[in-house]
Amino acid sequence: MSSHICKSASRVVRSLLSASKTSRFFTEGRAVAAATAVSLNSKVPLLASSAYGNGGSANASRGWLSGMFALPMAAYMVQDQEAHAAQMERTFIAIKPDGVQRGLIAEIISRFERKGFKLVAIKILVPSKEFAQKHYHDLKDRPFFNGLCAFLSSGPVVAMVWEGEGVIKYGRKLIGATDPQKSEPGTIRGDLAVVVGRNIIHGSDGPETAKDEINLWFKPQELVSYKSNAEKWIYESNR
C-alpha cells in the first residue's frame, strides 16, 4: 500500500510539472492535485487498520500521508510562481529632451507607477548622434531621420525599463498616439504634448523591439530584479 501511495504522489508531481507547460495548467494542475488527494485520503483507513490498527497509529499514518503531499503541493506552488513570473514583461521607456527640459520626469514616472508597473532600471544621459542613429535604425530611410537623431542627442534623456504584465502593450496606451493631436485625453501625449516633433516620450512597440532597445541602452547588470511589496495587491487573484 505504501509503495502504491508513493507512486501516486510521484504521478502528481509529474502531472503538475507537465501541466505547467500548457495553457490549461492552472485548472488541470489543481484538478490533478485535488483528485489524487481525495483518492489517497480515502485509502487512509485501510492503511491504518490493516497495518497499524486504529487510534494513535492511524493519526501517525495520516501524518505520514500529509508529508507525502507536501512534495506535490510544493511543486505546484513553485510552478504557479514560475508561471506568474513568465507573464511579466519588460519594456523600454525614454523621456526625450523636451520632456526633461519641461520638468515632466516625475509626472511621467508617476503615471506608470500608479498603473502598477515596476521600475527596474533608470538613468539620465545625453546620447551621442551615433547612439541616436542606432536607436532609430529602423527609420534610417525616412526623410526626417537626421532631424530625429539630432533632436534625441540635443539634451538629457531619461532612459527607463518598466516591468509588469502587459507592460509593452499598455505602456503604449499610457503614452498615446505618436501625433499628440490624435492622442486621447488621459494619455501622456494627449495631456502634455502638442506636436509630433515634440511628443516628449518614447516606448517600445513590441517584444522584440523592447528586447533590442533595453540591450542597447542598458547593460545586464544595470537591470534590477526584485519583488515589490505592492505586487500582491496588484496581481493576486481571489481564486
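Where an unreviewed UniProt entry is consulted, the protein appears under the name Nucleoside diphosphate kinase, with the organism given as Gossypium hirsutum. According to the UniProt record, the Function (unreviewed entry) comment for the protein reads "Major role in the synthesis of nucleoside triphosphates other than ATP. The ATP gamma phosphate is transferred to the NDP beta phosphate via a ping-pong mechanism, using a phosphorylated active-site intermediate. Shows the highest specificity towards GDP." Within the UniProt record for the protein, the comment given under Cofactor (unreviewed entry) is "Mg(2+)".

Participant: Help me get a handle on the pattern of salt bridges, residues and values and all.
Facilitator: Scanning the entire structure with this criterion turns up 7 salt bridges. A salt bridge links Asp191 to Arg111; its shortest N-O distance comes to 3.1 Å. In this pair, Asp191 sits in helix H10 (residues 188-192) while Arg111 sits in helix H6 (residues 105-115), placing the two residues 80 residues apart along the sequence. Connected via shared salt-bridge partners are Arg90, Lys118, Glu163, Lys227 and Glu231.

Participant: Quick one: what's the story with the confidence of the model for the protein, residue by residue and with numbers?
Facilitator: When pLDDT is averaged along the protein, the result is 78; 64% of the residues meet or exceed 70. A low-confidence stretch, residues 2-10 (pLDDT under 50), is modelled with 14 contacts involving residues beyond four sequence positions or located in other chains. Low pLDDT, under 50, characterises residues 16-53; the stretch is placed with 51 contacts to residues that sit more than four places away or in other chains.

Participant: How would you sum up unusual backbone geometry? Please name residues and give values.
Facilitator: A positive phi angle, close to 60 degrees, is found at Ile200, a residue other than glycine. Relative to the elements of secondary structure, Ile200 occurs in the loop between H10 and strand S4 (201-203). A residue is classified by how much of its surface remains accessible, and Ile200, at 0% relative accessible area, is buried.

Participant: A description of the side chain of Glu163 should follow, citing residues and the corresponding values.
Facilitator: Secondary-structure assignment places Glu163 in strand S3 (residues 157-165). A polar contact is formed between the side chain of Glu163 and the side chain of Arg90, at a distance of 2.8 Å. Not counting chain neighbours up to four residues away, the residues in contact with Glu163 comprise Met88, Glu89, Arg90, Phe117, Lys118 and Val120.

Participant: Explain the nonpolar core to me, using residue names and the numbers behind them.
Facilitator: Ranked by internal contacts, the top residues of the largest apolar core, which has 20 residues, are Ile108, Phe112, Trp162 and Ile201. Secondary-structure elements contributing two or more residues to this core are strand S1 (88-95), H6, S3, helix H9 (167-175) and H10. Excluding anything up to four places from it in sequence, Ile108 contacts Ile95, Ile188, Ile200 and Ile201. Counting 18 residues, the second largest nonpolar core, distinct from the first, contains Ala94, Leu148, Leu152 and Phe218.

Participant: Mind laying out the packing of H6 against H9, listing which residues take part and the relevant values?
Facilitator: Across the interface, H6 lies against H9 with an axial gap of 11 Å and an inter-helix angle of 135 degrees. Relative to H9, the element H6 is oriented oblique. The interaxial crossing formed by H6 with H9 has right-handed handedness. Contacts from Arg111, Phe112 and Lys115 in H6 reach Tyr170, Gly171, Leu174 and Ile175 in H9. When its residues are assigned to classes, the contact of H6 with H9 shows 4 nonpolar, 1 polar and 2 charged.

Participant: Give a detailed account of the pairing of S3, specifying residues and quantitative values.
Facilitator: Remark: a regular strand shows side chains that alternate across the two faces of the sheet. Counted residue by residue, S3 has 8 buried out of 9 residues, so it is predominantly covered. In the sheet, S1 pairs with S3 via 8 bridges, with the strands oriented antiparallel. Paired with Ala94 across the two strands is Ala159, which belongs to S3.

Calculation rules
Every chain is numbered independently, its residues counted from 1 as its sequence is written. In keeping with the predicted nature of the model, local features appear solely for residues at pLDDT of at least 70, side-chain atom pairs appear and are counted solely at 80 or more, and the whole-chain, interface and lining totals rest on all residues. Excluding hydrogens and water, the side-chain values take into account all heavy atoms of the structure. UniProt positions are given in the numbering used here, feature names are shortened, and annotations may be inferred rather than shown by experiment. A pair is scored as a salt bridge if a Lys or Arg side-chain nitrogen falls within 4 Å of a carboxyl oxygen belonging to Asp or Glu. Under the DSSP-based scheme used, a helix requires at least four consecutive residues in state H or I and a strand at least two consecutive residues in state E, with every element numbered from the N terminus. A score from 0 to 100, pLDDT tells how confident the predictor is in each residue. Working rule for contacts: check all heavy atoms of both residues, and any pair within 4.5 Å makes them a contact. Exposure categories follow from relative accessible area, calculated using a 1.4 Å probe and restricted to protein chains: below 20% of the type maximum is buried, above 50% is exposed, and the middle band is partly exposed. Under this definition, polar contacts are N or O atom pairs within 3.5 Å; protein pairs additionally need one hydrogen-donor-capable and one acceptor-capable atom, and for neighbouring residues in sequence, both atoms have to be side-chain atoms. Residues enter a nonpolar core if they are buried and are Ala, Val, Leu, Ile, Met, Phe, Trp, Tyr or Cys, with the set joined through side-chain atoms within 4.5 Å. For every element, the axis is a line fit to its C-alpha atoms; helices are fit only across the contacting stretch, and the angle between N-to-C directions ranges from 0 to 180 degrees. Each angle gets one of four labels, with under 35 degrees taken as roughly parallel, over 145 as roughly antiparallel, 65 to 115 as roughly perpendicular, and the rest as oblique. A clockwise turn of the near helix away from the far one marks a right-handed crossing, whereas an anticlockwise turn of less than a right angle marks a left-handed crossing. Note on residue classes: Ala, Val, Leu, Ile, Met, Phe, Trp, Tyr, Cys and Pro are nonpolar, Asp, Glu, Lys and Arg are charged, and everything else, Gly too, is polar. Following DSSP output, two strands are said to pair if at least two bridges run between them.

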